[in-house]
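# Commentary on secondary and tertiary structure
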Amino acid sequence: MFEGKYYNGRTSKGMPAFITLEPAYIRVAWQTDDETGTEIWDLSEIHNSEFNDANTILEYGKFPRQSISVFEQGFKEALEQQYRDAKFLKSSYSSFAKTGMTGLVVGGLSLLGLAIVLFVWGIPSLAEKVASHFPVSYERAMGAQLHAQMMQGQTIDSAKTEALQKYLSALKVESDFPIHVTVVENDMVNAFAVPGGFIVVHDGILDKMERHEELAGLLGHEIGHVQMRHSTKALTRSLSYFMLASVLFGDVSGIAAVIVDNASTLNNLEYSRTAESDSDKAGLELLVQNKLNPKGMVWLMEKLNSDEPEFLKFISTHPNTNDRIKEIESHIPKTNYKPQPNPELEAAWAELKAD
Amino acid sequence: MQETSTEQETTISKPTLAFKGQGSELFSIQIVNIVLMLVTLGLYYPWAKAKNLQYIYRKTELADSPFTFHGTGKEMFIGFIKGLGIFAVLIGVFMYGFMHGDNGVKFLCFALYFIGLLALIPLAIHGMMRYRTSRTSWRGIHMGYRGTLGNMYKVYFTGFFLSIITFGIYSFWFDTNLRKEILGNTRFGNAKFRFIGEGSDLLLVHIKGYFLTLVTLGIYGFWYMKDLINFNINNILIEQDGKYSRLDSSLTGGQYFKLAVGNLLIIVFTLGLGYAWVVTRTMAAIFNNCEILGEFNPDALAQTEEEYKNATFEDMADMMDIGLV
């Protein structure tokens, strides 16, 4: 028999009670100044009880629940002994806590490891898979919207855009997406690809170019981004990071913000190093396909590698330019053909450079 | 029967508040939660939250008796799914507008999205209060929430728009009015709460805190935060059988400094894994410094609530990052 307090679920007054553990039920005999009573608690109606330490609490029945609270030592042990397999004594909480400090430390560290693996490797590869199953038509539609939005507030140089389009159509290009180019007036030496085949070239970068092979290399590089869907992959990746964080921390309201935020910074999205070098290779390939001098790609890189501050931005979002040049040069000896003059490209180039 | 023990038991228990949770215990719950959430791609979240809350409530004591959180993962899962559905629709509207060429449609969709989000906030607060209080009990006595959704909208939107047109000055009155509405409708058995803080006093706390923080190069910031916490606690009254008691927080700036810096160090040096200790330290700092002054009698509460089970907006409040209780 144990001493404790009984609460009847109607008031918060604790009534002194004697609790007896019978084989099939618990008997609670309570008394107040002017009343006494006995409750018979059927084991199946006792609620699961956890986290008890000094004070063992059992709750019973439907709303409002009755309960007992026992401070007396040994009550918990007596319960466990008497009702070994009873449902109300099962706890899913303490199982891990029982492993002690070592268990917690090991568990914590493995969780940290898991998180790192997931962030460094799991999410990017998952995002890549998802992006490659994105329908082409949808990507095109999304790109068209993004492109239209980005062109707001930009001054389009329509004469140069036309000349560049001419140059592009004279090139042999293989792409799943129809390629659409735009030249905008901007001194910043930059060019970028929007998903779905939209390429935006600043006239600043055109001014720096001396040979048309550099332009072909640049277009090849950007078409490579488009074709390999690098922007879409980057977008999916940052969205996946965010979604993971939001399910872990239960905050879903910011997803729209991430989409907008990413869309607005699309012109300086950070591609991975491999994405950049894959696109460099695509640029080189375009030169080869069109029998242009493969050195064009190197000349382009050298322009970007100059020390002028206006290049800084472009370079900072890209891998080390010297490394890229070395990598491109290592691929050039494999190409054994004589560069052929291409009058059509040269005519379009002349038009582009004419001021 | 021993005479001494019966004598002791008939004395009225003192209404002290205490938090007895331990970081290591909470951590052992959270680590299992995180693993299960990762494995289920987040779907375990409601169950994880239920376990968390059950632990925290159970370790919070009034007059040596613990609180109990009765909410279950299953109840909250249904709410979670409904909440996700509503968010999916809103984000869908937003994306549709984003992809649409026509600027009129774009504007309409964005407007719908923001109005939708705005309209959800009072709904989420209301739903969460109803659910959370109904699932909270102490010695078998349930808490309850009697506020109406209509009043919540009125208080919320009045406050919101007045705050906008006064360039934020009204937001202090908005804050206290919202607390008045929420606490004024909260029941603890037959006891009622009231919030008596005024916007003007809150404004003074902020002005004093802001300028002293500037003058002391940020050091007063801890005292500023302490003042805010104490403002929110000390203005809570409990009415029981016509008698009033008041909550009183004795949290000091020094204690808050220790709490905040300690929490920061824990988070930084455990790369976030020590979050459980941050929770238990914070709860302990707040509850162990909190007293009930007056004639509150913890033995004289009577059950007044009906059973209530809708959990739809419990998680909505989470998704929108509204933390109240």
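Details of the structure are given in the entry above.
Report follows, based on the coordinates. These numbers come from a predicted model, not from an experiment.

All names here are of chain B. Contact geometry of helix 2 (residues 23-39) with helix 11 (residues 275-287) gives a least axis separation of 8 Å together with a crossing angle of 135°. The orientation of helix 2 with respect to helix 11, classified from their angle, is oblique. As helix 2 packs across helix 11, the resulting crossing turns out to be right-handed. Residue-level inspection shows G23, S24, L26, F27 and Q30 of helix 2 in contact with helix 11, the latter providing Y275, A276, W277, V279 and T280. In terms of residue class, the contact of helix 2 with helix 11 is made up of six nonpolar, four polar and no charged.

With that out of the way, let us pick up the sheet that holds strand 1 (residues 2-7) of chain A. Note on sheets: strands pair through backbone hydrogen bonds, and any given pair is parallel or antiparallel. Residue and element names in this part refer to chain A. An order of 4-3-2-1-6-5 is seen for the six strands of this open sheet, with the pairing classed as antiparallel. Each edge of the sheet is formed by a strand with only one pairing partner; in this case those strands are strand 4 (36-42) and strand 5 (56-60). Here the strands of the sheet are splayed against their neighbours by 30° on average, with no regard to which way each runs. Sheet topology places strand 3 (residues 25-31) next to strand 4; seven bridges connect them, and they run antiparallel. Pairing of A29 across the sheet is with T38, part of strand 4.

Here we take up the sheet that holds strand 8 (residues 191-194) of chain A. All names here are of chain A. With mixed pairing, the three strands of this open sheet are ordered in space as 7-9-8. Of all the strands in the sheet, just strand 7 (180-184) and strand 8 have a single pairing partner and so form its edges. The sheet shows a mean angle of 20° between the axes of neighbouring strands, taken without regard to direction. For strand 8 and strand 9 (residues 198-202), the ladder comprises four bridges, and the chain directions are antiparallel. Paired with V194 across the bridge in strand 9 is F198. Across the sheet, helix 4 (residues 136-151) lies against strand 7, strand 8 and strand 9, angled at about 25° from strand 9, the strand it touches most. Across the sheet, helix 5 (residues 158-169) touches strand 7 and strand 9, and the angle it forms with strand 7 is around 145°.

Moving on, we come to helix 9 (residues 221-234) of chain B. A rise of 1.5 Å per residue sets the reference length of helix 9 of chain B, with its 14 residues, at 20 Å; its end C-alpha atoms lie 20 Å apart and thus fit the reference within 8%. Taken together, the buried positions of helix 9 of chain B are G221, Y224, K226, D227, L228, I229, N230, F231 and I233 of chain B.

This next bit is on the packing of aromatic side chains. Taken as a whole and assessed by the stated rule, the structure comprises 27 aromatic pairs over all chains. Centroid distance Y113 of chain B to F114 of chain B: 5.1 Å. Interplanar angle 75°. Geometry classified as edge-to-face. Overall, the relative accessible area of 3% leaves Y113 of chain B in the buried class. Between the aromatic rings of Y156 of chain B and F157 of chain B, the centroid separation amounts to 5.8 Å while the plane-to-plane angle is 85°, which identifies the pairing as edge-to-face. According to the relative accessible area criterion, Y156 of chain B is buried, its value standing at 9%. Of the aromatic side chains, those joined through ring pairs into one cluster are Y153, Y156, F157, F160, F161 and F174 of chain B. Above the ring of W299 of chain A, the side-chain terminus of R211 of chain A is found at 3.9 Å from the ring centroid.

With that out of the way, let us pick up the pattern of salt bridges. Summed over the entire model, instances satisfying the criterion amount to 19 salt bridges over all chains. D280 of chain A serves as the salt-bridge partner of R324 of chain A, at 2.8 Å between the closest nitrogen and oxygen. Highlighted residues: R324 of chain A in helix 13 (residues 321-331) and D280 of chain A in helix 10 (residues 273-289), separated in sequence by 44 residues. As far as burial versus exposure is concerned, R324 of chain A and D280 of chain A are alike and both buried. Residue K226 of chain B pairs with D227 of chain B through a salt bridge whose shortest N-O separation is 2.9 Å. As far as burial versus exposure is concerned, K226 of chain B and D227 of chain B are alike and both buried.

About the cut-offs
Residues numbered from 1 in each chain as written. Chains lettered and ligands numbered in written order. Predicted model: local features only at pLDDT ≥ 70, side-chain atom pairs only at ≥ 80, totals over all residues. Heavy atoms only, no water. Axes fitted to C-alpha atoms, helices over the stretch in contact; angles between N-to-C directions. Helix = DSSP H or I, 4+ residues; strand = E, 2+ residues; numbered from the N terminus. Parallel < 35°, antiparallel > 145°, perpendicular 65-115°, else oblique. Left-handed = near helix turned anticlockwise from the far one by under 90°. Contact = heavy atoms within 4.5 Å. Nonpolar A, V, L, I, M, F, W, Y, C, P; charged D, E, K, R; others polar. Pairing = 2+ DSSP bridges. Expected span 1.5 Å × (residues − 1). Buried < 20%, exposed > 50% of the residue type's maximum accessible area, 1.4 Å probe, protein only. Phe/Tyr/Trp six-rings, centres within 6.5 Å; stacked < 30°, edge-to-face > 60°. Lys NZ or Arg CZ within 6 Å of the ring centre and 35° of its normal. Salt bridge = Lys/Arg side-chain N within 4 Å of Asp/Glu carboxyl O.

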